[in-house]
Amino acid sequence: ATKAADLRLAPLAWLRAGTATVAVPPFCLKAIRETELGKDAIFASLNKATAAKFGLAEGMRVRLTTEAGDITARVHLSETVMNDTVAVPMGFGRTAFDEYSRGKGANAAALFNAVPEPGTKLMAWSAPAVNIAKA
């Protein structure tokens, strides 16, 4: 059986989707691909082999869950993603700023915890195990 520990989360950050302190600039909306944001949902990218393990297909709505939280996304099949990995775009799911940024997709940051790094004890973002299920 496939377990959440078998699947890892990889964040994808692009300036065209804004940053932690700057929302999506209006002129950048045209640069956001249909496989990153589609109306109300971000897309979680998996390769075909990984998607097959979970019985997922292009466009399906899924719930991604980690120890930190959960979000809803749609599946995008992409062979640019490693096996047993789910890649999610960062910079969406804002609840503030303007009409160009607010209410677009889910905030993938909800899936990540900051944990102390072994040795230095400095805080670092983890690469959490993620569970994926049809929503």
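Heads up: these notes are all about the structure in this document. Quantities reported herein were computed from a predicted structural model and do not represent experimental measurements.

**Side note on the nonpolar core**
In step 1: Membership of the largest hydrophobic core comes to 25 residues, with the highest contact counts inside it found for Ile-42, Leu-64, Val-86 and Ile-132.
In step 2: Only strand 3 (41-46), strand 4 (61-65), strand 5 (70-77) and strand 6 (85-89) provide two or more residues apiece to this core.
In step 3: Leave out the neighbours within four places in its chain, and Leu-64 touches Ala-44, Gly-69, Asp-70, Ile-71, Val-86, Val-88, Leu-111, Val-130, Asn-131 and Ile-132.

**Describing the pairing of strand 6**
In step 1: Most of strand 6 is tucked away: five of the five residues are buried.
In step 2: Of the strand pairs in this sheet, strand 1 (residues 8-12) and strand 6 are connected by five bridges, and their pairing is parallel. Following the sheet pairing, Arg-8 is matched in strand 6 by Thr-85.

**A look at the pattern of salt bridges**
In step 1: Taken as a whole and judged by the stated rule, the model has three salt bridges.
In step 2: The salt bridge partner of Arg-33 is Glu-36, with a shortest N-O separation of 3.3 Å.
In step 3: Residue Glu-36 is classed as buried on the basis of its relative accessible area of 4%.

**Structural notes on unusual backbone geometry**
In step 1: Although it is not a glycine, Asp-84 adopts a positive phi angle of roughly 55°.
In step 2: Of note in this structure, Lys-121 is not a glycine but carries a positive phi near 65°.
In step 3: Position of Lys-121 relative to the elements: it lies in the loop between strand 7 (114-116) and strand 8 (123-125).
In step 4: A relative accessible area of 60% means that Lys-121 is categorised as exposed.

**Considering the side chain of Asn-47**
In step 1: Turning to its location among the elements, Asn-47 is positioned in the loop between strand 3 and helix 1 (48-53).
In step 2: Here the side chain of Asn-47 touches Met-82 through a polar contact of 3.5 Å, landing on its backbone oxygen.
In step 3: Excluding residues that lie within four positions of it along the chain, Asn-47 makes contacts with Leu-77, Ser-78, Glu-79, Val-81, Met-82 and Asn-83.

Rules used throughout
- Residues numbered from 1 in each chain as written.
- Predicted model: local features only at pLDDT ≥ 70, side-chain atom pairs only at ≥ 80, totals over all residues.
- Heavy atoms only, no water.
- Core = buried A, V, L, I, M, F, W, Y, C linked by side-chain atoms within 4.5 Å.
- Buried < 20%, exposed > 50% of the residue type's maximum accessible area, 1.4 Å probe, protein only.
- Helix = DSSP H or I, 4+ residues; strand = E, 2+ residues; numbered from the N terminus.
- Contact = heavy atoms within 4.5 Å.
- Pairing = 2+ DSSP bridges.
- Salt bridge = Lys/Arg side-chain N within 4 Å of Asp/Glu carboxyl O.
- Polar contact = N/O pair within 3.5 Å; in protein donor to acceptor, adjacent residues only side chain to side chain.

Interpretation note: all reported values are geometric properties and have no functional meaning in isolation.
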